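# Coordinate inspection notes
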Amino acid sequence: MKDLSIPLDIDNLKVISQTLDTKGNIIITVESICTKTTCHKCGKDATKRYGYGSLMEYRHTSVFDTPVILRIKPVRYECEHCEPPGTTTTERYNWVAEGGKITKGLEEYLLRCVINSTIQDVAKKERISYKTVQTMLNNLIHREIDWSQYSDLETIGIDEISNRKGYQNFIAVISAKDKYGNLTILDVLDSRKKDDVLAFLESIPDHLKKTVKQVCTYMYDGFVNSAIEVFGKQRVVVDRYHVSKLYRGALDNVRIKEMKRLKSILPSEEYSELEGMMWILRKQYECLSKEEKRKLEALYKHSPLLKKAHSYALKLTHIFNTHHDRKSAMAKLDRWIISVEKIGLSCFNTFIKTLNKHKGSIANYFKNRSTSGFVEGLNNKIKVIKRRCYGFFKTDSLFQRLTIDLNGYRMLRL
Ligand SMILES: [Zn+2]
């Protein structure tokens, strides 16, 4: 028997019990181990217990895609300093995010998910309300930054969130990864206008600006240009993730058009053989199974255009996956553009325009091969861990076996 334990990651809590509710949520009943709170009237410590407030529930980070809800009865304290006596204060928690519905741990996780995604998608995936995610973002917008808590900002990341339902279409998230790899959110801007991003970057104190080795940014003119204005061309890197998103998008468009065309000309039996191509085209060729390779060959036979577009997309990925110095990477990119234009592959036209415009910043990637921590680092780590876990458990009724030990670790018996 093996135990897999995942920390609750919250100090000052004692786990009392855990159970599943009728909706399949994991309900963890907890208790605070604090022995005092700050009196809301006089600001001194109130230590005399005075019953409980009403039961509260906070969403915490999910376990294996199952929502976790922390249930707690807040302790009330009576102040012994106030005159006349009788002032009571209900304890507050430093692990609850502003807005009062979710934990800070979940807030941080959601923020990572929402970057380069949409609020809708994240709300749906995490089974949390759209409003909760939006409140979280609104609370983070233009908050006061205490620069004194930072000693270095090695990598600054500028990413965006699209917010289709709200008033603003885009929100910019500015993060920093220090030299030890610690990732923090510096600010959330409710705009992606150049002026706003520029104003923020300029507001970074000079001594911290000097510690910035690179600014990894989403390939959006307003972001790239303001970063260059403040930090100079040498330090601005367009995240390769965004580059690949663009040329993969171009390939997807070809695939969609070609599949439509094939559907209209091929017998339905033959066409059905070709379905499910999206992931096959997105994978590295070496990672394809025999069956997938066979499917791909069949598709190539029917669509020489898709074959060409796919092979050029793979060539580009290969350039990014190989170690080059900046200069030879630039030359490789140039050669790629020339040969695409030579064979008349028009599907990459828009991409090539963007590539030419930001080529310098894109090629800076090859100096340190860095990306904004959010995009490739943490998000991927989380996904990989999850995927591995799925491999382990498959469809087992694992939640029956989930227990919480007294240190607040979620224990899974296998
Ligand atoms: Zn008091």
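Above this text you will find the structure in question.
So, here is what we can say about the structure in this document.

This brings us to the coordination of the zinc ion. Surrounding the zinc ion are the protein donor atoms Cys39 (SG), Cys42 (SG), Cys79 (SG) and Cys82 (SG), which sit 2.3 to 2.4 Å from the metal. Between the 4 donor atoms coordinating the zinc ion, the angles at the centre fall across 104 to 114°, so the site counts as tetrahedral. Sequence spacing among the residues donating to the zinc ion works out to C-x2-C-x36-C-x2-C. In this structure Cys42 comes out as partly exposed when scored by relative accessible area, which is 34%.

Now for the sheet that holds strand 11 (residues 155–162). Read across the open sheet, the 5 strands follow the order 13-12-11-14-15; overall the sheet is mixed. Edge strands, defined here as strands with exactly one partner in the open sheet, are strand 13 (183–189) and strand 15 (236–238). The sheet shows a mean angle of 25° between the axes of neighbouring strands, taken without regard to direction. For strand 11 and strand 12 (residues 170–177), the ladder comprises 8 bridges, and the chain directions are antiparallel. Within strand 12, the residue paired with Ile156 across the bridge is Ala176.

For the peptide bond that leads from Glu83 to Pro84, omega is -10°, which places it in the cis range. Mapped onto the elements, Pro84 comes out in the loop between strand 9 (75–78) and strand 10 (88–90). The backbone phi angle of Arg127 is positive, close to 50°, even though this residue is not glycine. If you trace the backbone, Arg127 turns up in the loop between helix 2 (119–125) and helix 3 (130–140).

Right, let's get into the pairing of strand 2 (residues 13–20). Where strand 2 meets strand 3 (residues 26–32), 7 bridges bridge the pair, whose relative direction is antiparallel. Pairing of Leu20 across the sheet is with Ile26, part of strand 3. Connecting the antiparallel pair strand 2 and strand 3 is a turn made up of 5 residues, with Gly24 showing a positive phi of about 90°.

The end-to-end C-alpha distance of helix 12 (residues 326–342) is 24 Å, a good match for the 24 Å that 17 residues give at a rise of 1.5 Å each. When we look at burial in helix 12, the residues that qualify are Ala329, Leu333, Trp336, Ile337 and Val340. Considered in projection along helix 12, the buried side chains sweep an arc of 95° and stay on one side of the axis. Away from its buried face by more than 90 degrees, helix 12 exposes Lys327, Arg335, Ile338 and Lys342. Looking at the buried residues of helix 12, the elements they touch are helix 11 (304–321), helix 13 (349–363) and helix 14 (365–368).

Between helix 12 and helix 13, whose axes approach to 10 Å, the crossing angle comes to 175°. As the angle between them shows, helix 12 and helix 13 are arranged roughly antiparallel. Touching Arg326, Met330, Leu333, Asp334, Trp336, Ile337, Val340 and Glu341 of helix 12 are Phe351, Ile352, Leu355, Asn356, Lys359, Gly360, Ile362 and Ala363, all from helix 13.

Of all 8 residues making up strand 11, 8 are buried, and the element is well covered by its neighbours. Of the two faces of strand 11, the one holding Thr155, Gly157, Asp159 and Ile161 and the one holding Ile156, Ile158, Glu160 and Ser162 are both buried throughout. Direction of pairing for strand 11 relative to strand 14 (residues 214–217): parallel, over a ladder of 4 bridges. In the sheet register, Ile156 faces strand 14, and the bridge partner there is Val215.

The next thing to look at is the sheet that holds strand 9. Taken in spatial order, the 3 strands make up an open sheet running 6-9-10, and their pairing is antiparallel. Looking along the sheet, the strands with just one partner apiece sit at the ends: strand 6 (48–52) and strand 10. On average, each strand axis in the sheet is inclined to that of its neighbour by 35°, with strand direction left out of account. Where strand 6 meets strand 9, 3 bridges bridge the pair, whose relative direction is antiparallel. Note on strand 9: the bridge partner recorded for Tyr52 is Val75.

The residue Val133 is located in helix 3 in this model. Residue Val133 is classed as buried on the basis of its relative accessible area of 0%. The spatial distance from the C-alpha of Val133 to the C-alpha of Val122 is 8.2 Å, given a sequence separation of 11 residues. The residues contacting Val133, other than those within four sequence positions of it, are Val114, Ile119, Ala123 and Ile128.

Conventions adopted
- Residues numbered from 1 in each chain as written.
- Predicted model: local features only at pLDDT ≥ 70, side-chain atom pairs only at ≥ 80, totals over all residues.
- Heavy atoms only, no water.
- Donors = N, O, S within 2.8 Å, 3.2 Å for Na, K, Ca; no water.
- Tetrahedral: all angles 85-135°; square planar, octahedral: opposite > 155°, others 65-115°.
- Buried < 20%, exposed > 50% of the residue type's maximum accessible area, 1.4 Å probe, protein only.
- Pairing = 2+ DSSP bridges.
- Helix = DSSP H or I, 4+ residues; strand = E, 2+ residues; numbered from the N terminus.
- Axes fitted to C-alpha atoms, helices over the stretch in contact; angles between N-to-C directions.
- Expected span 1.5 Å × (residues − 1).
- Arc of directions from axis to C-beta.
- Contact = heavy atoms within 4.5 Å.
- Parallel < 35°, antiparallel > 145°, perpendicular 65-115°, else oblique.

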